[in-house]
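What follows is the residue order along each chain.
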Amino acid sequence: STLPAIPTPSRADHIWFELTGGHAAAVGVLHRQLGLARMTRALAGLGRRQLLEDPFAALPPAQDTAEWLARRQLAPVLQLEETLRDDLGLGPDAARAVLADLIGTVGARLLGRRFPALSPEAWAAAPAGTREQLARRVFARLGNIASADVHTTDTTLALDVTACRFVARLHQVDRPHLGTLF
């Protein structure tokens, strides 16, 4: 096939992303949004929460890599929301703006790191079944999409997400208001 391979997601791969790109992107957003002093306070509060609290402690343990990835990506968002609210005194709208910027910036870096460049010509030349298989591997690699209907043509890809792990977990920890950020 002319389409690139999409490797199976792994815990090690995600931790490597965090260490080599995700954390730096997050710090950049926090600095831009909060300034140096408040960013430092936010990082201290976040670090304390990451050491002492598990936002998913009341849930059964993750049973597979996809669930582990979803929780791993959501936990710092939940903890940062608490930090922004409780430690920095930000209101809901200000905290949401910081979280939206952070999720968008880190998410874009994650997509850029995990998925190879794909030319429109290669996509168009691939058989329909191959395009659909690639799309399914992409969403499996992200960790948040539990199921989706995949629609491809020689020029488009559309995912109709029918079940999202992020939204489900946010409901389980009584934070559904964050679901629209993803």
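In this text, all values refer to a predicted model and were calculated from it rather than measured experimentally.

1. Here we look at unusual backbone geometry
Stage number 1. In this model, Asp 174 sits at a positive phi of 60°, which is unusual for a non-glycine residue.
Stage number 2. Note on placement: Asp 174 falls in the segment after α6 (165-172).
Stage number 3. With relative accessibility at 64%, the residue Asp 174 sits in the exposed group.

2. Comments concerning the confidence of the model for the protein chain
Interpreting fine coordinate detail is not advised for predicted regions of low pLDDT.
Stage number 1. Confidence in the prediction of the protein chain, expressed as mean pLDDT, is 92, and 99% of residues score 70 or more.
Stage number 2. The secondary structure element of the protein chain with the lowest average pLDDT is helix α5 (residues 128-142), at 84, and the one with the highest is helix α1 (residues 11-52), at 96.

3. As for the nonpolar core
Stage number 1. Membership of the largest hydrophobic core comes to 33 residues, with the highest contact counts inside it found for Leu 34 and Leu 84.
Stage number 2. Contributing elements (two or more residues each) for this core: α1, α2 (65-87), α3 (92-114) and α6.
Stage number 3. Sort the elements by how many residues they give to this core and α1 lands first, with nine residues.
Stage number 4. Core analysis: the next-biggest nonpolar cluster, separate from the first, contains 13 residues, Ile 6, Trp 123, Ala 148 and Val 150 among them.

4. Some words on α2
Stage number 1. With 23 residues, α2 should reach 33 Å at 1.5 Å per residue; the first-to-last C-alpha distance of 32 Å fits that figure.
Stage number 2. With 17 of 23 residues buried, α2 lies mostly within the body of the structure.
Stage number 3. The backbone nitrogen of Ala 66 has a side-chain oxygen 3.4 Å away, supplied by the residue at the start of α2, namely Asp 64.
Stage number 4. Just past α2, the residue Gly 89 takes up positive phi, approximately 70°.

5. Some details on α6
Helical periodicity: at 3.6 residues per turn, an α-helix aligns residues three or four positions apart in one direction.
Stage number 1. Among all positions of α6, only Arg 165, Phe 166, Arg 169 and Leu 170 are buried. Around the axis of α6, the buried residues are gathered within 130° of arc, so they sit on the same side.
Stage number 2. Tucked inside the fold, the buried residues of α6 contact α2, β1 (145-152) and β2 (157-164).

6. Regarding the packing of aromatic side chains
Stage number 1. Counting across every chain of the model gives one aromatic pair.
Stage number 2. Considering the side-chain rings of Phe 166 and Phe 182, the 4.7 Å spacing of their centres and the 70° angle between planes classify their relative orientation as edge-to-face. In this pair, Phe 166 sits in helix α6 while Phe 182 sits in the segment after α6, placing the two residues 16 residues apart along the sequence.
Stage number 3. Phe 166 gets classed as buried once you look at its relative accessible area, which sits at 4%.

7. Observations concerning the environment of Glu 121
Stage number 1. When you line up the elements, Glu 121 lands in helix α4 (residues 120-125).
Stage number 2. Note on Glu 121: relative accessible area 57%, which makes it exposed.

8. Re the pattern of salt bridges
Stage number 1. Under the criterion given, the structure shown has twelve salt bridges.
Stage number 2. A salt bridge links Glu 81 to Arg 175; its shortest N-O distance comes to 2.6 Å. One end of the pair, Glu 81, is in helix α2; the other, Arg 175, is in the segment after α6, with 94 residues separating them in the sequence. For the pair formed by Glu 81 and Arg 175, the shared burial category is buried.
Stage number 3. A salt bridge links Arg 85 to Asp 86; the nearest nitrogen and oxygen atoms lie 2.8 Å apart.

Thresholds, definitions, all that
- Residues numbered from 1 in each chain as written.
- Predicted model: local features only at pLDDT ≥ 70, side-chain atom pairs only at ≥ 80, totals over all residues.
- Heavy atoms only, no water.
- Helix = DSSP H or I, 4+ residues; strand = E, 2+ residues; numbered from the N terminus.
- Buried < 20%, exposed > 50% of the residue type's maximum accessible area, 1.4 Å probe, protein only.
- pLDDT = per-residue confidence, 0-100.
- Core = buried A, V, L, I, M, F, W, Y, C linked by side-chain atoms within 4.5 Å.
- Expected span 1.5 Å × (residues − 1).
- Polar contact = N/O pair within 3.5 Å; in protein donor to acceptor, adjacent residues only side chain to side chain.
- Arc of directions from axis to C-beta.
- Contact = heavy atoms within 4.5 Å.
- Phe/Tyr/Trp six-rings, centres within 6.5 Å; stacked < 30°, edge-to-face > 60°.
- Salt bridge = Lys/Arg side-chain N within 4 Å of Asp/Glu carboxyl O.

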